[in-house]
Amino acid sequence: MRKLFKFMKPYVASVFAILCVLMIQAYCELSLPTYTSNIVNVGIQQSGIDESIPKTIAEEDLEKLLLFVPSDKQETVRAAYEEGKYGAYRYTGEGSSEILRLSETVLDSEEKLGELSRILAKPMMLVSGFDSGSDMTKQMEKQLKEQIQKQMAGIQEQAPLPEMEEMSVYDIFAMMPQEQREQMVSAITEKLDDMPDSILEQAGTAYVRTAYEHLSIDTDKISSAYIRSTGAKMLLLAALGMCASIMVGFMAARVGAGIGRGLRRDVFRKVVSFSNAEFDRFSTASLITRSTNDIQQVQLLSVMVLRMVLYSPILAAGGIWKVFHTNVDMSWIIALGVVLIILVVGTLFLVVMPKFKIVQNQVDRLNLVSREILTGLPVIRAFSTEEYEKQRFDKANKDLTKTNLFVNRAMTFMMPVMMLVMNGISVLIIWVGGHGVNDGSMQVGDMMAFIQYTMQIIMSFLMICMISVMLPRAAVSAERVDEVLQSKTLIHDPEHPEKIRDSGAFEGAGRGEVVFDHVSFRYPGAEENVLSDICFAAKPGQTTAFIGSTGSGKSTLVNLIPRFYDVTEGHIFIDGTDIRKMKQHDLREMLGYVPQKGVLFSGTIASNILYGNPDGEKAGMTEAAEIAQAAEFIGEKKEGYESPISQGGSNVSGGQKQRLSIARAIAKHPDIYIFDDSFSALDYKTDVTLRNALKKKTKESTVLIVAQRISTILHADQIIVLDDGRVAGKGTHKELLKTCDAYYQIAASQMSEEELLRDMKEVG
């Protein structure tokens, strides 16, 4: 994750914007369960009435309440209501009654409303209970009547009054002395002290609904209006949440695509700057995998992190906050669910994490095998080793498949377990919540909201767990990509580069004289030198050739000039300036390099010849093709110089490919030509013609030729013979025949005895 956040640094502003939109989305989702609870609790169970005390009440009903209100609080209650004319209201009870309404001063004061609610909570519950006609209240009424009859009989010394049987409990309380009534009310209300607040609230709401019904207020209409308004709010929140989700998806996709594009760009630029030493460290197949598959994994995870990983903690924290405001007693259920999920994910991580690195290495291996087989198909067919290569590919393929199957099987185990945990938690909430509803400590709507909040919290952890499936592999991919980006390039430009003209060592600086001053070289990590103490000077207008047995270091030597590798000891100068003090771009601008193996790029013949000089003119391109002896076969093609070249030049022969490579170097008009055994695919006649034409073109340039054939370098101004990485001889062809045994052995193997004797005689 640390590497991923490092890749996200350029997009901090976008990530912050996504975070803000995610908070809006979370707010919308977390608000919906509350509205669902309100629809059930208030809209359905309470007929849309969410008031703790009646705003409008008949005087008759208020008097009943006051019977159960302590005398020192009654004036407060009376003062809160005022008479008014309400044409729409009509008292439906016996007789007539004034209609009272809470005064504006009380309605505008939360403090006064709270005080009034506390005073009337228990009286409203008692009145609701007596009005309900339940068996419990009937038994209470009977006991009260018997008790009062006895008291009245004792006072008046007469038989119980028969008409009291027809009296209501309110009539009985009304006829009792105030002190006695308060004592009895106090005894009754003490029994209510242990009841949960939720029961008192429900009883209060039930009383308010009854009081409104007494005023012919249509509570069904209130209920419908409440449900419609709450439902409309839910729809608006859902729409807002949907818009936020779409916006987050859009922004996350843009950031992810930007990260992928930036990584591909940075990796490509880094790889282009690699020296051959870095290519030896990272195989081509591995670099391709890192540039494609690994970056794709990082890009996909970036999108998931922005859409889900950032969102999950916000949703979980909001859900927990909501849960503690819904029912704290059941919060242990959430803790249990989270612990179970963490245990499952932790176990899977321990099993699966080590396998993800193996997967990426096996992808590298499969790419390597595929690339080798596809590149070497002609050789494979020639040696009839198709079956062996099939087996090699099948092994790499089966190894990758086997590891992937193990990982996927382990991960498929996670989802059923997660669903089991979620369903088990839901059942547990319903079980515990059902007992709470039965005991009156919880409402049905609150239980529904609690289930939704719990599911949101668990889903948050589940989302993180789903990301955890991708995280290990993406983490490995991020490490592999960062390994390329952080790798130190052995060859780099100096902080204060010098230019050829800055040296002042030569008049007419920039001509292209190459000097090797006691140069030694060994490959990184090798114990022995490939080249040792090489000294020579290649002058402009002259051809310097290198010859020697296979493995003597010829190609390595010329590869030191463009700084494909840097020398281990000594110096290489171009016109008096050490090439390590020059910019690589400036150095290579002076060179026309033709590699041992001709390399062409997809495009046209013209684009390949002008590859090193894209602004070159057509005349220069035609001249280069003629010198390289490529004009003839180009003219035979239907489209001429606009003829297509397929990838790698697979639609031209080896000799044609080599001639086009030579033409590419000539068209650049460099100061220094480097031909690394570039004439090997040419027949003798073409070779001679090409070298004669090339000599006229390069008469003012420095020419360096690596060759295996004596005929190619026969007329070179200077031939350097390499033997086991050391200079075995230096001179012209005829001089070396006499002075260098190694050169003589090579010449003897390629020239006739008559030619050798003739050349030896000329030397004298």
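As the structure is a prediction and not an experimental result, all values here were calculated from the model.

Colleague: Please clarify how the overall build of the protein chain should be interpreted in this entry.
Modeller: Looking only at helices and strands, the protein chain features 31 helices and 15 strands. Taken over 764 residues, the protein chain has a buried fraction of 45%. Intrachain contacts of the protein chain at a sequence separation of at least 6 include 77% that bridge at least 24 residues. Looking at the protein chain as shown, the accessible area adds up to about 39,600 Å², and 55% of this sits on carbon and sulfur atoms.

Colleague: Could you clarify how one ought to interpret a nonpolar patch on the surface in this entry?
Modeller: A surface patch of nonpolar side chains, about 450 Å² in accessible area, is lined by Trp332, Leu336, Val339, Leu340 and Leu343. Tracing the chain through its elements places Leu336 in helix α15 (residues 331–375).

Colleague: Just to check I follow, could you spell out the pairing of strand β7 (residues 569–574) for this structure?
Modeller: The side chains of a regular strand alternate, first on one face of the sheet and then on the other. Pairing of strand β4 (residues 514–521) with β7, which is carried by five bridges, proceeds in the antiparallel orientation. Each residue of the ladder has a partner; that of Asp517, found in β7, is His571. With two bridges connecting them, β7 and strand β8 (residues 577–578) associate as antiparallel partners. Bridge pairing in β8 places Phe573 opposite Asp578. The hairpin turn running from β7 into β8, its antiparallel successor, is two residues long, and Asp575 in that turn takes a positive phi close to 50°.

Colleague: When you look at the sheet that holds β7 in this model, what are you seeing that I'm missing?
Modeller: Adjacent strands of a sheet pair through backbone hydrogen bonds, lying either parallel or antiparallel. Taking strand neighbours across the sheet as the criterion, the four strands line up as β5-β4-β7-β8 in an open arrangement whose pairing is antiparallel. The open sheet has two edge strands, β5 (531–538) and β8, and neither has a second partner.

Colleague: Got a minute to help me understand the pattern of salt bridges in this structure?
Modeller: Side chains carrying opposite charge are able to pair once their charged atoms draw close together. For the structure on display, the rule yields 16 salt bridges. A salt bridge links Glu387 to Lys390; the nearest nitrogen and oxygen atoms lie 3.7 Å apart. One end of the pair, Glu387, and the other, Lys390, are both in helix α17 (residues 386–412), three residues apart, so they sit about a helical turn from each other. Its salt-bridge partner being Lys539, residue Glu513 comes within 3.1 Å of it at the nearest N-O pair. Remark: Lys539 occurs in the loop between β5 and β6 (543–548) and Glu513 occurs in the loop between α20 (500–503) and β4; sequence separation between them is 26 residues. With a relative accessible area of 38%, Lys539 lands in the partly exposed category. When salt bridges with common partners are traced through the structure, they connect Glu372, Glu389 and Arg392 into a single cluster.

Colleague: I tried to follow helix α27 (residues 684–697) on my own but got confused; where do I start?
Modeller: Note: α-helices contain 3.6 residues per turn, so residues at a spacing of three or four share the same orientation. Taking 1.5 Å of rise per residue, the 14 residues of α27 would be expected to cover 20 Å, and the 20 Å separating its terminal C-alpha atoms lies within 8% of that figure. The complete set of buried residues in α27 reads Thr686, Asp687, Leu690, Arg691 and Leu694. Buried residues along α27 cover an arc of 125° about the axis, so they all sit on one side. Turned more than 90 degrees away from the buried face of α27 sit Tyr684, Lys685, Lys695 and Lys696, all of them exposed.

Colleague: Is there a simple way to explain the confidence of the model for the protein chain in this structure?
Modeller: Atom-level detail of predicted coordinates should not be read off regions where pLDDT is low. A residue-level look at the protein chain finds 89% of positions with pLDDT of 70 or above and a mean pLDDT of 82. Every residue in residues 156–162 is under pLDDT 50, and counting partners more than four places away or in other chains gives four contacts.

Colleague: Explanation requested: helix α2 (residues 12–45) in the structure shown.
Modeller: Here α2 is 34 residues long and its end C-alpha atoms lie 49 Å apart, about the 50 Å a rise of 1.5 Å per residue gives. By the largest-angle criterion, Ile39 marks the main kink of α2, which is about 30°.

Colleague: How do you make sense of the sheet that holds strand β1 (residues 56–58) when you look at a structure like this?
Modeller: Pairing within the open sheet is antiparallel, and its three strands lie in the order β1-β3-β2. At either end of the open sheet lies a strand with only one pairing partner, and these are β1 and β2 (81–83). Across the sheet, the mean angle separating the axes of adjacent strands is 35° when strand polarity is ignored. Judged from the three bridges that link them, β1 and strand β3 (residues 99–102) form a sheet pairing that is antiparallel. By the bridge assignment for β3, Thr56 is matched with Arg101.

Colleague: Please explain the layout of surface pockets as it appears in this structure.
Modeller: In this model, the largest pocket occupies a volume close to 2,300 Å³. Lining the largest pocket we find 47 residues, and of these Phe564, Pro595, Val599, Phe601 and Tyr611 sit closest to its centre. Only α11 (219–272), α12 (276–281), α13 (284–309), α15, α22 (584–589), β9 (591–594) and α26 (654–667) provide two or more residues apiece to the lining of the largest pocket. Residues belonging to the lining of the largest pocket are distributed by class as follows: 20 nonpolar, 17 polar and ten charged.

Colleague: Please explain the packing of aromatic side chains as it appears in this structure.
Modeller: For any pair of aromatic rings, the description rests on two quantities: the centre-to-centre distance and the angle between the ring planes. Per the counting criterion, the structure on display carries nine aromatic pairs. Centre to centre, the rings of Phe521 and Tyr523 are 5.0 Å apart; their planes meet at 80°, and the pair counts as edge-to-face. Residue Tyr523 is classed as partly exposed on the basis of its relative accessible area of 29%. Arranged with centres 4.6 Å apart and planes meeting at 15°, the rings of Phe601 and Tyr611 form a pair that is stacked. Taken together, the residues span a long stretch of sequence, with Phe601 in the loop between β9 and β10 (603–604) and Tyr611 in the loop between α23 (605–609) and α24 (618–627) at a distance of ten residues.

Colleague: Please explain unusual backbone geometry as it appears in this structure.
Modeller: Glycine aside, residues mostly have negative phi angles, and peptide bonds mostly take the trans form. Its identity is not glycine, yet Arg563 carries a phi of approximately 65°, on the positive side. The exposure class assigned to Arg563 is buried, which follows from its relative accessible area of 3%. In this structure, Asp724 is a non-glycine residue whose phi angle is positive, near 55°. Within the secondary structure, Asp724 sits in the loop between β14 (718–723) and β15 (726–731).

Colleague: Sorry, what's going on with the nonpolar core here?
Modeller: What tends to happen in soluble globular proteins is that the nonpolar side chains get buried as a cluster. Ranked by size, the top nonpolar core spans 72 residues in total, and within it Phe7, Ile18, Ile259 and Leu263 carry the most contacts. In terms of residue count, helix α19 (residues 444–486) provides more of this core than any other element does, 17 residues in total. Excluding its chain neighbours within four sequence positions, the residues that come into contact with Phe7 are Ile259, Leu263, Val298, Ala478, Val481, Asp482 and Leu485. Membership of the second largest hydrophobic core comes to 47 residues, among which are Ala545, Tyr641, Ile710 and Ile746.

Colleague: What exactly am I supposed to notice about the side chain of Asp677 here?
Modeller: Tracing the chain through its elements places Asp677 in the loop between β12 (672–676) and α27. It is Arg709 that comes nearest to the buried, bridge-free Asp677 among opposite-charge side chains, at 6.8 Å. Ignoring anything within four residues of it in the chain, the contact list for Asp677 reads Gln596, Gln658, Val706, Ala707 and Gln708.

Colleague: Just checking my understanding: could you explain the packing of α24 against α26 for this structure?
Modeller: Contact pair α24 / α26: the axes reach a minimum separation of 8 Å and the direction vectors enclose 135°. Between α24 and α26, the crossing angle belongs to the class labelled oblique. For the pair α24 and α26, the sense of crossing is right-handed. Together, Ala624, Ala625 and Ile627 of α24 and Ala663, Ile666 and Ala667 of α26 make up the contact between the two elements. Taken together, the residues that form the contact of α24 with α26 break down as six nonpolar, no polar and no charged.

Cut-offs applied
By convention here, each chain's residues receive numbers from 1 onward along its written sequence. The predicted origin of the model limits local features to residues at a pLDDT of at least 70 and limits the giving and counting of side-chain atom pairs to 80 or more, whereas totals for whole chains, interfaces and linings rest on all residues. With hydrogens and water excluded, all non-hydrogen atoms of the structure serve as input to the side-chain values. A helix here means a DSSP run of H or I that spans at least four residues, while a strand means a run of E at least two residues long, and both kinds are numbered starting from the N terminus. We call a residue buried when its accessible area falls under 20% of the maximum for its residue type, exposed when it is over 50%, and partly exposed in between, using a 1.4 Å probe and counting protein chains only. It only takes one pair of heavy atoms within 4.5 Å for two residues to be counted as in contact. Here the accessible surface of atoms and residues is derived via Shrake-Rupley with a 1.4 Å probe, and residues count as covered only by protein chains that are part of the display. Patch building starts from residues that exceed 30% relative accessible area and form no salt bridge, then joins like charges within 9 Å and nonpolar side chains (Val, Leu, Ile, Met, Phe, Trp, Tyr) within 5 Å. The term salt bridge refers to a side-chain nitrogen of Lys or Arg lying within 4 Å of a carboxyl oxygen of Asp or Glu. The pairing criterion for strands is at least two bridges between them, as found by DSSP. Under the convention used throughout, the expected extent of a helix is 1.5 Å for every residue step, that is, one less than its residue count. Each C-beta atom gives one direction from the helix axis, and the arc is the one those directions make. What pLDDT expresses is the predictor's confidence in each residue, scored from 0 to 100. Across the chain, bend at a residue is computed as the angle between axes fitted to the seven residues ending at that point and the seven starting from it. A fitted line through C-alpha atoms represents every axis, and for helices the fit uses only the stretch in contact; the resulting angles, taken between N-to-C directions, go from 0 to 180 degrees. In this analysis, the protein atoms alone were mapped onto a 1 Å grid. Cavities are point sets where a 1.4 Å probe fits without being able to get out; pockets are open sets with protein on both sides within 12 Å along at least five of seven lines; lining residues have an atom within 4 Å of a point. Grid points are joined across faces, edges and corners, and a volume is the space filled by probe spheres set on the points. Residues are grouped as follows: nonpolar covers Ala, Val, Leu, Ile, Met, Phe, Trp, Tyr, Cys and Pro; charged covers Asp, Glu, Lys and Arg; every other residue, Gly included, is treated as polar. Here a pair means two rings of Phe, Tyr or Trp (six-membered ring of Trp) with centres within 6.5 Å. Their orientation is stacked below 30 degrees between planes, edge-to-face above 60, and tilted elsewhere. For our purposes a nonpolar core is just a set of buried Ala, Val, Leu, Ile, Met, Phe, Trp, Tyr and Cys residues, chained together by side-chain atoms within 4.5 Å. The sign given to each residue is positive for Lys and Arg and negative for Asp and Glu; His and the chain ends receive no count. Oblique is the label for every angle not falling under 35 degrees (roughly parallel), over 145 degrees (roughly antiparallel), or within 65 to 115 degrees (roughly perpendicular). Rotating anticlockwise by less than a right angle from the far helix to the near helix defines a left-handed crossing, while the corresponding clockwise rotation defines a right-handed one.

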